Amino acid sequence: DVEGVSFRIQDNITGSIIDTIIITSGVGCFSTELDLSELTITITYLESPIAPSLDVIPDSLLVGQTAGSSANISVSSNIIWSVSSDQSWIDITPASGSDTADVTITANETNPTINNRSGIVTVSGDGLSEQVEVVQLASPAYLEVSPDTITIGQDSTSAGEILITSNISWEA
């Protein structure tokens with residue numbers, strides 16, 4: 001609560017008091033305008049009676065290995081907040097908000113490896129910060145050879161060509 005807060009507007013040249021604004025009690029939130037000849041001054045005083053808060057759950061989540069896989073986090077707060085990620089494969093919707101909202105975390109590409117990969121999503125505002133670890137599941141190992149069959153002549157200079165696509169190490 002606000003008790004005994006006063007604002008005094010004083011002329012710097014003459015020293016005379018132009019106006020005094022006093023609040024004696026109550027939760028502070030007021031605004032007033034002073035018209036001084038051709039100059040208008042707006043004074044706004046806001047007091048937040050509630051400490052800023054920010055809570056994000058869960059603190060870790062899994063998304064599937066394919067592009068478009070997503071999961072939600074829940075943000076509960078009484079502040080304006082923004083969300084960012086340390087990985088380019090993570091998309092965030094919405095990227096900012098206020099109060100309480102669900103935020104969708106989406107993998108914007110398929111995990112190209114046979115290992116899980118992770119990134120950190122950070123929700124922050126008003127000096128507060130919460131982090132969520134996002135893990136994208138591994139893709140299954142694959143080894144593709146194309147074409148399935150090639151014919152090579154008897155001559156030692158005969159050659160054939162194949163295309164190998166894989167997300168694992170291989171030897172020929």
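Data block above holds the structure.
Re the overall build of the chain
- If you tally the helices and strands in the chain, you get zero helices and 15 strands.
- Residues counted as buried form 24% of the 172 residues belonging to the chain.
- Partitioning the intrachain contacts of the chain with sequence separation of at least 6 by distance along the chain shows that 48% fall at a separation of at least 24.
- Split by element, the accessible area of the chain, about 11300 Å² in all, is 48% carbon and sulfur.

What to know about the pairing of strand β6 (residues 60–63)
- Burial of β6 is one-sided: the residues Leu61 and Val63 facing one way are buried, the residues Ser60 and Leu62 facing the other way are not.
- As judged from the four bridges shared by β6 and strand β13 (residues 128–136), these two strands associate in the parallel manner. Considered in β13, the bridge of Val63 is made with Gln136.

Considering the side chain of Thr122
- In this structure, Thr122 sits in strand β12 (residues 117–125).
- Not counting residues within four places of it along the chain, the set of residues in contact with Thr122 comprises Ser82, Val83, Ser84, Ser129, Glu130 and Gln131.

Focus on unusual backbone geometry
- Omega for the peptide link from Ile57 to Pro58 comes to -5 degrees, which places this bond in the cis form.
- For Pro58, the position within the fold is in the loop between β5 (54–57) and β6.
- Omega for the peptide link from Thr93 to Pro94 comes to -10 degrees, which places this bond in the cis form.
- Among the structural elements, Pro94 can be located in the loop between β9 (90–93) and β10 (96–98).
- Notably, Asp126 is not glycine yet its phi reads approximately 55 degrees, a positive angle.
- Given the relative accessible area of 53%, Asp126 is considered exposed.

Comments concerning the nonpolar core
- Leu61, Ile73, Val103, Ile105, Val121, Val123 and Val134 are the most contacted members of the largest nonpolar core, which totals 20 residues.
- For this core, the elements supplying multiple residues, two or more each, are β5, β6, β7 (70–77), β8 (80–85), β9, β11 (101–107), β12 and β13.
- Every residue in contact with Val123, bar those within four places of it in the chain, is listed here: Leu54, Val56, Ile73, Val75, Trp81, Ser82, Val83, Leu128, Ser129 and Glu130.

Let's talk about the sheet that holds β9
- Strand order in the open sheet formed by four strands is β5-β7-β11-β9, with antiparallel pairing between adjacent strands. Only two strands of the sheet have a single partner each, and these edge strands are β5 and β9. Taken over all neighbouring pairs, the strand axes of this sheet differ in orientation by 25 degrees on average, direction set aside.

Topic: a nonpolar patch on the surface
- Together, Ile114, Leu143, Val145, Ile150, Ile152, Ile162, Ile168 and Trp170 line one region of the surface with nonpolar side chains, adding up to about 670 Å² of accessible area.
- Looking at the secondary structure, you find Ile150 in the loop between β14 (143–146) and β15 (163–166).

Some remarks on the side chain of Ser77
- Following the sequence through the fold, Ser77 ends up in strand β7.
- Side-chain polar atoms of Ser77 contact the backbone oxygen of Ile79, separated by 3.2 Å.
- Side-chain polar atoms of Ser77 contact the backbone oxygen of Asp99, separated by 2.8 Å.
- Apart from the residues lying within four places of it in its own chain, the contact partners of Ser77 are Ser53, Leu54, Ser98, Asp99 and Thr100.

Each value, and the rule that gives it
Residues numbered from 1 in each chain as written. Predicted model: local features only at pLDDT ≥ 70, side-chain atom pairs only at ≥ 80, totals over all residues. Heavy atoms only, no water. Helix = DSSP H or I, 4+ residues; strand = E, 2+ residues; numbered from the N terminus. Buried < 20%, exposed > 50% of the residue type's maximum accessible area, 1.4 Å probe, protein only. Contact = heavy atoms within 4.5 Å. Areas by Shrake-Rupley, 256 points an atom, 1.4 Å probe, with all protein chains shown as cover. Pairing = 2+ DSSP bridges. Core = buried A, V, L, I, M, F, W, Y, C linked by side-chain atoms within 4.5 Å. Axes fitted to C-alpha atoms, helices over the stretch in contact; angles between N-to-C directions. Patch = residues over 30% accessible without salt bridge, like charges linked within 9 Å, V, L, I, M, F, W, Y side chains within 5 Å. Salt bridge = Lys/Arg side-chain N within 4 Å of Asp/Glu carboxyl O. Polar contact = N/O pair within 3.5 Å; in protein donor to acceptor, adjacent residues only side chain to side chain.

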